[in-house]
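Listed below, chain by chain, are the residues.
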Amino acid sequence: MRRAWIIGNGPSLNQTPLDLLRGEISFGMNGIWRIYQRVRWRPNYYYMVDFNTAVPREEWETGIRIHQEMGIPMWLSEVYRDGFPEGHPNHKDLPEGLGDLPNVTWVKDCKHKPYHGGNSKGAQEWHLPEICTGYNHISGVMQVAVLEGFGPLYLLGCDLDYQADPKLNHFDPEYNPTDKRDLSKQLQTDAEWAHKIAHNSAPVQIYNCSYSRGLSEYPFRNMRAVLAAKKKW
């Protein structure tokens, strides 16, 4: 098996030398494209499954189009293809999607979605080969990496230190420019639960290499040391 790097979007990404990952396998998600103007690194895979009504269409569609143009394989929620049907509470936010796109694996919400307060409707473990969407994005990205045959997994930008001010929760203060809500407690609880489940469910070893040390669920490894070892998996 070959190792892979899972890139979260926490503020510590600003201290992370992402360009060192060129030539490595890596997975990006959501608004990671906002950092591309500062680095030469690009992920090999892209993942975006949760639809956020507070994020304007231009924001999430930009992420899809950028990775589509680069030919990067994507895992996307079916709602980005189809939109929400009439009668659905989110129909007014996304009445129609983008239609079928090449190089995309469309992800259907599982029975554990939506997640709230860390219980994910009773979800206690992954249920591969179906991706469990009952947790936050980082959980889904790790599941995709496992399905693609990668391991061990090394996490970067997974700070697990959510703040009341949403501008402090990502590497770019304009990451979700229109979302002003304080979701820190919910996001913190959901993330902690997601990592606990991943720790117990993943069939491969997971390491935390984040430049913030807030995530303690997995053994810590120094990113530069891992890369310098040039260990083949």
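Coordinates for the structure precede this section.
Report follows, based on the coordinates. (Residues numbered from 1 in each chain as written. Predicted model: local features only at pLDDT ≥ 70, side-chain atom pairs only at ≥ 80, totals over all residues. Heavy atoms only, no water.)

1. Describing the overall build of the protein
Stated formally: Only DSSP runs of H or I reaching four residues or more are called helices, and only runs of E reaching two or more are called strands; each is numbered from the N terminus. With the radius of gyration taken over C-alpha atoms, the globule rule is written as 2.2 Å times the number of residues to the power 0.38. When a residue's accessible area, from a 1.4 Å probe over protein chains only, is under 20% of the maximum for its type it is buried; when over 50% it is exposed; and in between it is partly exposed. Contacts are assigned to residue pairs that have any heavy atoms within 4.5 Å of one another. What sets the accessible areas is the Shrake-Rupley method with a 1.4 Å probe; for residues, cover comes only from the shown protein chains. When charges are counted, Lys and Arg contribute as positive and Asp and Glu as negative, whereas His and the chain ends are disregarded. We put the charge of a Lys on NZ, of an Arg on CZ, of an Asp on CG and of a Glu on CD.
When you go through the protein residue by residue, the secondary structure sums to 5 helices and 7 strands. Taking 17 Å as the expected radius of gyration for a compact globule of 233 residues, we find that the protein reaches 17 Å, a close match to that expectation. Expressed as lengths along the three principal axes of its C-alpha atoms, the size of the protein is roughly 55 × 40 × 35 Å. Across the 233 residues of the protein, 52% fall into the buried class. For the protein, restricting intrachain contacts to residue pairs at least 6 apart in sequence, the fraction spanning at least 24 positions comes to 61%. Just so you have it, the protein exposes about 11,100 Å², and 48% of that area is on carbon and sulfur atoms. Taking the average place of the 26 positive charges on the side chains of the protein and the average place of its 27 negative ones, the gap between the two points comes to 8 Å.

2. A word on unusual backbone geometry
The omega torsion of the bond from leucine 128 to proline 129 falls at 15 degrees, within 30 degrees of zero and hence cis. With respect to the helices, strands and loops of the structure, proline 129 is situated in the loop between strand 5 (104–107) and helix 3 (137–147). Residues other than glycine seldom take positive phi values, yet asparagine 103 does so here, at roughly 65 degrees. Structurally, the position occupied by asparagine 103 is in the loop between helix 2 (79–82) and strand 5. One non-glycine residue, leucine 160, adopts positive backbone phi at about 55 degrees. As for its position among the elements, leucine 160 is in the loop between strand 6 (150–156) and helix 4 (184–201).

3. Some remarks on the sheet that holds strand 5
For clarity, the threshold we go by: Two strands make a pair as long as DSSP finds a minimum of two bridges between them. Note on geometry: axes are C-alpha line fits, over the in-contact stretch for helices, and angles between N-to-C directions span 0 to 180 degrees.
Taken together, 7 strands build an open sheet; the order of strands is 5-4-3-2-1-6-7 and the sheet is parallel. The open sheet terminates on both sides in strands that have one partner only, identified here as strand 5 and strand 7 (206–208). Adjacent strand axes in the sheet meet at a mean angle of 25 degrees when their direction is disregarded. With 3 bridges joining them, strand 3 (residues 45–48) and strand 4 (residues 74–77) adopt parallel strand pairing. Bridged to tyrosine 46 within strand 4 is methionine 74.

4. Observations concerning the pairing of strand 4
Let me state the cut-off plainly: A clockwise path from the first strand over the helix to the second, with the strands pointing away from the viewer, defines a right-handed crossover.
Across the two faces of strand 4 the burial is the same, with Met74 and Leu76 and Trp75 and Ser77 all buried. Handedness of the crossover joining strand 3 and strand 4 through helix 1 (residues 57–70): right-handed. Judged from the 4 bridges that link them, strand 4 and strand 5 form a sheet pairing that is parallel. By the bridge assignment, methionine 74 is partnered in strand 5 with valine 104.

5. A few points about empty space enclosed by the protein
Condition: Site definitions follow a grid-based scheme: protein atoms alone, a 1 Å grid, a 1.4 Å probe that fits but cannot get out for cavities, and for pockets an open set with protein on both sides within 12 Å along at least five of seven lines, plus lining residues having an atom within 4 Å of a point. Grid points are joined across faces, edges and corners, and a volume is the space filled by probe spheres set on the points. Residues are grouped as follows: Ala, Val, Leu, Ile, Met, Phe, Trp, Tyr, Cys and Pro are nonpolar; Asp, Glu, Lys and Arg are charged; every other residue, Gly included, is polar.
For the coordinates displayed, the defined rule picks out 1 cavity of 30 Å³ or more. In this model, the largest cavity occupies a volume close to 40 Å³. Lining the largest cavity are Tyr47, Val49, Asp50, Cys132, Thr133, Tyr135, Asn136 and His137. Considered class by class, the residues forming the lining of the largest cavity number 4 nonpolar, 3 polar and 1 charged.

6. Concerning the side chain of glutamate 59
With respect to the element layout, glutamate 59 can be found in helix 1. By relative accessible area, which is 11% here, glutamate 59 ends up buried. Look past the residues within four positions of glutamate 59 in its chain and what remains in contact with it is Trp33, Arg34, Glu174, Tyr175 and Pro177.

7. Here we look at the state of the cysteines
Rules: By convention in this document, the label disulfide applies to cysteine sulfur atom pairs within 2.5 Å.
Scanning the entire structure with this criterion turns up 0 disulfides. Here cysteine 110 is not disulfide-linked; the sulfur of cysteine 132 is the nearest cysteine sulfur, at 3.9 Å. According to the relative accessible area criterion, cysteine 110 is buried, its value standing at 6%.

Treat this as a map of the structure, not an account of what it does.
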